[in-house]
Amino acid sequence: MSIGFGIFLFVVGAILTFALNITVDWVNLDLVGYILMGAGVIITIIGIALLARRRRSVTTERTGVDPVAGERVTRRSTEADPLP
């Protein structure tokens, strides 16, 4: 969701900066557009970083033979990778 919101902010900022030729006395729309584009880029980068961090995981699979029953046993465990 943050990636989509970042792209939305960037697009709205680009429209305010480059597409509108309206002059308002109390606010500079070009500056507001540049600020929105910068915020959109930052939010998109943070969203991508959080998404990449969330997908890291460690999967361990061990296969052995149970000495009592003589059956093959496979254990699989998945855990989140600790922060570096």
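Just so we're clear, the structure is a prediction, and the values are computed from it rather than from any experiment.

## A few points about the environment of Val-32
For step 1, the next point in the chain: Along the chain, Val-32 turns up in helix H2 (residues 29–54).
For step 2, the next point in the chain: Between the alpha carbons of Val-32 and Leu-16 there is a distance of 7.5 Å; along the sequence they are 16 residues apart.
For step 3, the next point in the chain: Other than its neighbours up to four places away in sequence, Val-32 contacts Leu-16 and Val-27.

## Regarding the packing of aromatic side chains
For step 1, the next point in the chain: By the definition in use, this model includes two aromatic pairs.
For step 2, the next point in the chain: Here Phe-5 and Phe-8 contribute two aromatic rings whose centre-to-centre distance is 6.5 Å and whose plane-to-plane angle is 25 degrees, an arrangement assigned as stacked. Of this pair, Phe-5 and Phe-8 both sit in helix H1 (residues 2–19), three residues apart, which is roughly one turn of that helix.
For step 3, the next point in the chain: Classification of Phe-5 by relative accessible area gives partly exposed; the value is 43%.
For step 4, the next point in the chain: Both rings, one in Phe-18 and one in Tyr-34, keep their centres 6.2 Å apart while their planes meet at 85 degrees; by these two values the pair is edge-to-face. Residue Phe-18 is found in helix H1, and its partner Tyr-34 is found in helix H2; the two are separated by 16 residues along the sequence.
For step 5, the next point in the chain: When its relative accessible area of 47% is taken as the criterion, Tyr-34 is described as partly exposed.

## What about the confidence of the model for the protein chain?
For step 1, the next point in the chain: On average, residues of the protein chain score 85 in pLDDT, and 89% of them are at 70 or above.
For step 2, the next point in the chain: The lowest-confidence element of the protein chain is strand E2 (residues 72–80), averaging 75 in pLDDT; the highest-confidence one is H1, averaging 94.

## Notes on the side chain of Thr-17
For step 1, the next point in the chain: Positionally, Thr-17 belongs in helix H1.
For step 2, the next point in the chain: Accessibility expressed as a relative area gives 8% for Thr-17, which makes it buried.
For step 3, the next point in the chain: Apart from residues no more than four positions distant in its own chain, Thr-17 is found in contact with Asp-30, Gly-33, Tyr-34 and Met-37.

## Regarding the environment of Ala-14
For step 1, the next point in the chain: Tracing the chain through its elements places Ala-14 in helix H1.
For step 2, the next point in the chain: Here the alpha-carbon distance between Ala-14 and Val-32, two residues 18 residues apart in the chain, equals 9.7 Å.
For step 3, the next point in the chain: In contact with Ala-14, other than residues within four places in its own chain, are Ala-19 and Met-37.

Calculation notes
Residues numbered from 1 in each chain as written. Predicted model: local features only at pLDDT ≥ 70, side-chain atom pairs only at ≥ 80, totals over all residues. Heavy atoms only, no water. Helix = DSSP H or I, 4+ residues; strand = E, 2+ residues; numbered from the N terminus. Contact = heavy atoms within 4.5 Å. Phe/Tyr/Trp six-rings, centres within 6.5 Å; stacked < 30°, edge-to-face > 60°. Buried < 20%, exposed > 50% of the residue type's maximum accessible area, 1.4 Å probe, protein only. pLDDT = per-residue confidence, 0-100.

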